[in-house]
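A structural walkthrough
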Amino acid sequence: MANNGNSKLKIVTGDAGYVLEDVPHFTDYIPDLHTYPNPLQDNPAYSVVKQYFVNDDDTVAQKIVVHKNSPRGTHFRRAGPRQRVYFESDEVHACIVTCGGLCPGINTVIREIVCGLYNMYGVKRVEGIEGGYRGFYARNTIPLTPKIVNDIHKRGGTIIGTSRGGHDTTKIVDSIQDRGINQVYIIGGDGTQKGAAVIYEEIRRRGLQVAVAGIPKTIDNDIPVIDKSFGFDTAVEEAQRAINAAHVEATSSENGIGLVKLMGRYSGFIAMYATLASRDVDCCLIPESPFYLEGAGGLFEYIEKRLKENGHMVIVIAEGAGQDLLSESLQSTDQQDASGNKLLQDFGLWLSRRIKDHFSRRKKMTINLKYIDPTYMIRAIPSIASDNVYCTLLAQSAVHGAMAGYTGFTVGQVNGRHAYIPFNRIIEIQNRIVITDRMWARLLSSTNQPSFLSAKDVIEANKEEEPPTQLLDDTCTDNKLNHKEIMC
Ligand SMILES: Nc1ncnc2c1ncn2[C@@H]1O[C@H](COP(=O)(O)OP(=O)(O)OP(=O)(O)O)[C@@H](O)[C@H]1O
Ligand SMILES: O=P(O)(O)OC[C@H]1O[C@](O)(CO)[C@@H](O)[C@@H]1O
Ligand SMILES: [Mg+2]
């Protein structure tokens, strides 16, 4: 096997087209480090079965649908406990920071990092950085113990606070160095993981034995490579309540239309899955699939048809849908949040007005439209049971990785197995729905909505897209498509 020696990309190649996109390790830049037996070897829960420890050569395949002659393809290092670790328990000083928007399950991840460090590795010094990245240099830290975090998984939000903006790499790494912190757990979305990547680079430049581990958090499910993000199932579940309400309202009045806006800035996964789960939805609009309102094959024509057939309809939109239509008719504001993310205009409100205007004023048709915007309600709640288990595994994987000397990685589930993924793979693109994937076809056939696109448009719309990760089980797109950088 050959290592390409690049400090940013650690690519190892093997037989039959095997590629390991590896993560950095302390030994890449610090010579002669001591190692210690993993304390789990003396832990009754782990010590009896040797296989609980991950073999150093274990890797996880990114692509599992293969043909007889397919190359073995890209792999990631398998997550889990190693026989030897690079820290003595009493010398570990860990910190946890949460950045970006809320997501169900953040508190569970915090809890399980703290409990994992204490219970599996005997680590006693864990601190929370208050209020996101800027907390490293502008706020006090919060001591975290198993007792303090015991019940936090039952609450939404993050007990240590979060924020956007305020990423000052030098100040953050100075603070890490000054406080003697040697394990940094960073929970956040694509922006946060970009921030984590530069923190890792600076730590490495200074030659510090400080592990930087990212835990991907994104309600929008817009992080690539991983199967899905924690909290996603919870959000989809909660979205059902809004869709149900919209359906009840719509069916209870003449030509009732229930319009529900769900989160999803650039990726419409929540809207798509909530629609598929509900079966009461007649139309789902997402940022990835362009549509138009007027004329043959447009949304208004479809609404009219549906109202004539059923007397009511439910429309679900992702917040990032239709922004092109909005900017054609409203002045573009170009406002950004503190992290530089474009602030979107309220397409739901705009569409409600346009539908009312079209049917009431122009078509002289009675309609009763109710606009439901449960935006923050789907992300400010505690995670459901399955997400809690997922959060636990992510947190424990991060702890095992840091203790084993890995750094500069994000943990994630890839095809059902937990893996360490290099930051560059996580931050280079956003995960988006590919409308040539069979899952979008399932949605179209479940709602019966028009695709709003010709076959040629579909090919155009997707020719630069990365196939979505395994949330969509059987992608039929070509894995060699170009990556597309989507700027926030
Ligand atoms: N390119 C970048 N380099 C360094 N730091 C960044 C970068 N992009 C974003 N950050 C920092 O990461 C933090 C979170 O970013 P952001 O607000 O975009 O949320 P996010 O992590 O993408 O989560 P969400 O899923 O809510 O969008 C902020 O403190 C921001 O300053
Ligand atoms: O209002 P905030 O907290 O900036 O968050 C809103 C954004 O956060 C997200 O939920 C991503 O975390 C987007 O879907 C949404 O646009
Ligand atoms: Mg983001």
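Residue numbers here run from 1 along each chain, matching the order of that chain's written sequence. To label them, take the chains in the order written and letter them from A, then take the ligands in the order written and number them from 1. Totals for whole chains, interfaces and linings use all residues, but because this is a predicted model, local features are given only for residues with pLDDT of at least 70 and pairs of side-chain atoms are given and counted only at 80 or more. Working from all heavy atoms in the structure, the side-chain values ignore hydrogens and water.

Defined as follows: UniProt positions are given in the numbering used here, feature names are shortened, and annotations may be inferred rather than shown by experiment.
With an unreviewed UniProt entry as reference, the protein is termed ATP-dependent 6-phosphofructokinase, source organism Ilex paraguariensis. Listed in UniProt under the heading Subunit (unreviewed entry), the comment for the protein reads: "Homotetramer." The heading Subcellular location (unreviewed entry) in the UniProt record of the protein holds the text "Cytoplasm".

1. Thoughts on the overall build of the protein
For clarity, the cut-off: The helix and strand labels rest on DSSP assignments: H or I over at least four residues marks a helix, E over at least two residues marks a strand, and numbering proceeds from the N terminus. Exposure is judged per residue with a 1.4 Å probe applied to protein chains only, and the accessible area is read against the type maximum: over 50% gives exposed, under 20% gives buried, and values in between give partly exposed. Working rule for contacts: check all heavy atoms of both residues, and any pair within 4.5 Å makes them a contact. Surface accessibility in these figures is a Shrake-Rupley result with a 1.4 Å probe; residues are shielded only by whichever protein chains are displayed.
Assigned secondary structure in the protein consists of 15 helices and 18 strands. Of all 488 residues assigned to the protein, the portion counted as buried reaches 56%. Considering only contacts in the protein between residues 6 or more positions apart, those separated by 24 or more positions represent 77%. When the accessible surface of the protein is summed, it comes to about 20,400 Å², and 49% of that surface belongs to carbon and sulfur atoms.

2. Some points on the UniProt feature "binding site: ATP" (unreviewed entry) in the protein
UniProt's feature table lists "binding site: ATP" (unreviewed entry) at G101, R164, G165, G189, D190, G191 and T192, given in the numbering used throughout. On the basis of their most widely separated C-alpha atoms, the annotated residues across 92 residues gather in one place, lying no more than 13.0 Å apart. Position of G165 among the secondary structure elements: in the loop between α4 (146-149) and α5 (169-179). The exposure class of G165 is buried, given its relative accessible area of 15%. Excluding residues that lie within four positions of it along the chain, G165 makes contacts with R134, A338 and S339. Since its relative accessible area comes to 6%, T192 is described here as buried. Beyond its immediate sequence surroundings of up to four residues, T192 is in contact with C99, G100, Y133, I186 and I187.

3. What to know about the environment of M439
By the secondary structure assignment, M439 is in helix α14 (residues 438-447). Residue class for M439 comes out buried when judged on its relative accessible area of 12%. Each C-alpha atom, one on M439 and one on P71, is 26 Å from the other, the two residues being 368 residues apart in sequence.

4. Considering the site of ligand 2
Convention followed: Any residue with a heavy atom lying within 4 Å of a molecule or strand is counted as near it. N or O atoms within 3.5 Å of each other form a polar contact, as long as, within protein, one can give a hydrogen and the other can take it, and as long as residues adjacent in sequence are counted only when both atoms are side-chain atoms. Side-chain classes follow a simple rule in which Ala, Val, Leu, Ile, Met, Phe, Trp, Tyr, Cys and Pro form the nonpolar group, Asp, Glu, Lys and Arg form the charged group, and the remainder, Gly included, forms the polar group. Note that domain bounds follow an automatic or database assignment of domains.
Taken together, R164, I219, D220, M263, G264, R265, E319, Y376 and R379 make up the full set of residues near ligand 2. D220 is positioned with one of its side-chain polar atoms (N or O) 2.9 Å from an oxygen atom of ligand 2. E319 has a polar side-chain atom sitting 2.5 Å from an oxygen atom of ligand 2. A per-class count over the shell around ligand 2 returns 3 nonpolar, 1 polar and 5 charged. Inspection of the shell around ligand 2 shows a minimum of three residues originating in each of domain 1 (10-229 + 383-433 + 468-474) and domain 2 (236-379).

5. Let's talk about the UniProt feature "binding site: Mg(2+)" (unreviewed entry) in the protein
In this structure's numbering, the residues bearing the UniProt feature "binding site: Mg(2+)" (unreviewed entry) are D190. Positionally, D190 belongs in helix α6 (residues 190-205). A relative accessible area of 15% means that D190 is categorised as buried.

6. Here we look at the pattern of salt bridges
We apply this condition: Salt bridge, as applied in this entry: a Lys or Arg side-chain nitrogen positioned within 4 Å of an Asp or Glu carboxyl oxygen.
Inspection of every chain in the model, using the stated rule, returns 26 salt bridges. The salt bridge involving R206 is made with D174; its shortest N-O contact spans 2.8 Å. Residue R206 is found in the loop between α6 and β12 (211-216), and its partner D174 is found in helix α5; the two are separated by 32 residues along the sequence. According to the relative accessible area criterion, R206 is partly exposed, its value standing at 23%.

7. Quick word on the packing of aromatic side chains
Note the following rule: Two rings belonging to Phe, Tyr or Trp (six-membered ring only in the last case) form a pair when the distance between their centres is within 6.5 Å. Interplanar angles under 30 degrees mark stacking, angles over 60 mark edge-to-face geometry, and anything in between is tilted.
By the definition in use, this model includes 10 aromatic pairs. Following the ring pairs from residue to residue traces out a cluster consisting of F291, Y292, F347, W350 and F452.

8. Focus on the site of ligand 1
Taken together, 18 residues surround ligand 1, and among them G101, G165, D190, T192 and S339 come closest. A distance of 2.7 Å is found between an oxygen atom of ligand 1 and a backbone nitrogen or oxygen belonging to G101. At 2.9 Å, a backbone N or O of G191 approaches an oxygen atom of ligand 1. When the free accessible area of ligand 1 is taken as 630 Å², the share hidden by the protein chains comes to 83%. The element contributing the most residues to the shell around ligand 1 is α6, with 5 residues. Classifying every residue of the shell around ligand 1 by side-chain character gives 2 nonpolar, 11 polar and 5 charged.

9. Observations concerning the packing of helix α9 (residues 299-310) against helix α11 (residues 347-362)
Describing two packed helices takes the angle between their axes plus the distance from one axis to the other. Quick reminder of the rule: Throughout, an axis means a line fitted to C-alpha atoms (over the contacting stretch in the case of helices), and angles, computed between N-to-C directions, take values from 0 to 180 degrees. Here the word oblique covers every angle except those under 35 degrees (roughly parallel), over 145 (roughly antiparallel) and from 65 to 115 (roughly perpendicular). Crossing handedness: left-handed means the near helix sits turned counterclockwise from the far one by under a right angle, and right-handed means the same turn made clockwise.
Following both chains from N to C, one finds α9 and α11 inclined at 65 degrees, their axes separated by 11 Å at the closest point. By the angle between their axes, α9 is roughly perpendicular relative to α11. Considering how the two elements wind past one another, α9 and α11 form a crossing that is right-handed. Touching L299, F300, I303 and E304 of α9 are L351, R354, I355, H358 and F359, all from α11. Taken together, the residues of the contact of α9 with α11 break down into 6 nonpolar, 1 polar and 2 charged.

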